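Spelled out, the chains give:
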Amino acid sequence: MLVEHLGQSPRIHPDAVVAPGAVISGDVTIGADCQVLHGAVISAEGGPIVLGEHVIVMENAVLRASSSDPLRIGDHCLVGPLASISGARIGDEVFIATGARIFNGAVIGDRSEVRINAVVHLRTELPPESVVPIGWVAVGSPAEMFSPDKHEEIWSRQVQLDFPGYVFGLDRDTPDLMVQLTERYARHLSRHADDHPVG
């Protein structure tokens, strides 16, 4: 399903194939010979999304952009099933495996691999030809890699990246953080009330 959001409609190259069960919403450009499979969601939430050529987005992957963090995926990339990418810059020939998560402001260099269930955190930069191992977490710029059992070490770097401040404009020490966060985000998402299918 193609959806107009905030007055913007998706632009899909005639050689690209989008499965009937996929949802493409807003300011999205999909390049030549791309394949978007069933259940994938590509949603431009106020910022553009651009897929280069020969990009494969597999089942139930979620790609999002915001006004502060557009999403750009280079040529010859594969986004695996259940992967999630928000507002990042992905280079060419990048493999993003099943269940991987890439957060706002991240930069993934050419020919890198983010393996099964790996995480590339907020504003983290991976140089070209990097590998984030299965289930590991990459944090910071330049990126440091941690196994998932290193929570305290991950957190000591992650807290400096200020997820609530960067993504939602809220101080982590706000007493009613989740109240303010959910109310603010709900107002933002309510802009979908005027969306309508275009194809």
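Above this text you will find the structure in question.
Note that this is a predicted model, so its numbers are computed, not measured. Residue indices follow the written sequence of each chain, beginning from 1 at its first position. Two thresholds apply to this predicted model, a pLDDT of at least 70 for residue-level local features and 80 or more for giving and counting side-chain atom pairs, whereas whole-chain, interface and lining totals are computed over all residues. Water and hydrogen atoms play no part in the side-chain values, which are based on all heavy atoms of the structure.

Whether two aromatic rings pair depends on their centres lying within 6.5 Å, for rings of Phe, Tyr and Trp, where Trp uses its six-membered ring; planes under 30 degrees apart make the pair stacked, over 60 edge-to-face, and the rest tilted. By the definition in use, this model includes three aromatic pairs. Seen in terms of ring centroids, Phe 168 and Tyr 185 are 5.2 Å apart; in terms of plane orientation they differ by 80°. Their pairing is edge-to-face. Highlighted residues: Phe 168 in helix 2 (residues 163-168) and Tyr 185 in helix 3 (residues 177-189), separated in sequence by 17 residues. Taken together, the ring pairs in this structure connect Phe 103, Phe 163, Phe 168 and Tyr 185 into an aromatic cluster. Numbered from the N terminus, helices here are DSSP runs of H or I no shorter than four residues, and strands are runs of E no shorter than two.

Attention now goes to the side chain of Ser 147. Within the element layout of this structure, Ser 147 appears in the loop between strand 23 (144-146) and helix 1 (151-161). By the criterion applied in these results, polar contacts are pairs of N or O atoms within 3.5 Å in which, for protein atoms, one can donate a hydrogen and the other can accept it, and in which residues neighboring in sequence qualify only through two side-chain atoms. In terms of polar contacts, Ser 147 uses its side chain to reach the side chain of Asp 149, at 2.3 Å. What makes two residues a contact is simply this: any of their non-hydrogen atoms within 4.5 Å. With residues near it in sequence (within four places) discarded, Ser 147 still touches Trp 136 and Ile 154.

With that settled, consider the sheet that holds strand 13 (residues 84-86). Pairing is mixed in the open sheet, where 10 strands are placed in the order 23-22-19-16-13-10-7-4-1-24. Whereas interior strands pair on both sides, the edge strands pair on one side only; in this sheet they are strand 23 and strand 24 (196-197). Each pair of strands is called paired provided DSSP finds at least two bridges between the two strands. Relative to strand 7 (residues 41-45), strand 4 (residues 23-25) runs parallel, the two being bridged by three bridges. Considered in strand 7, the bridge of Ser 25 is made with Ser 43.

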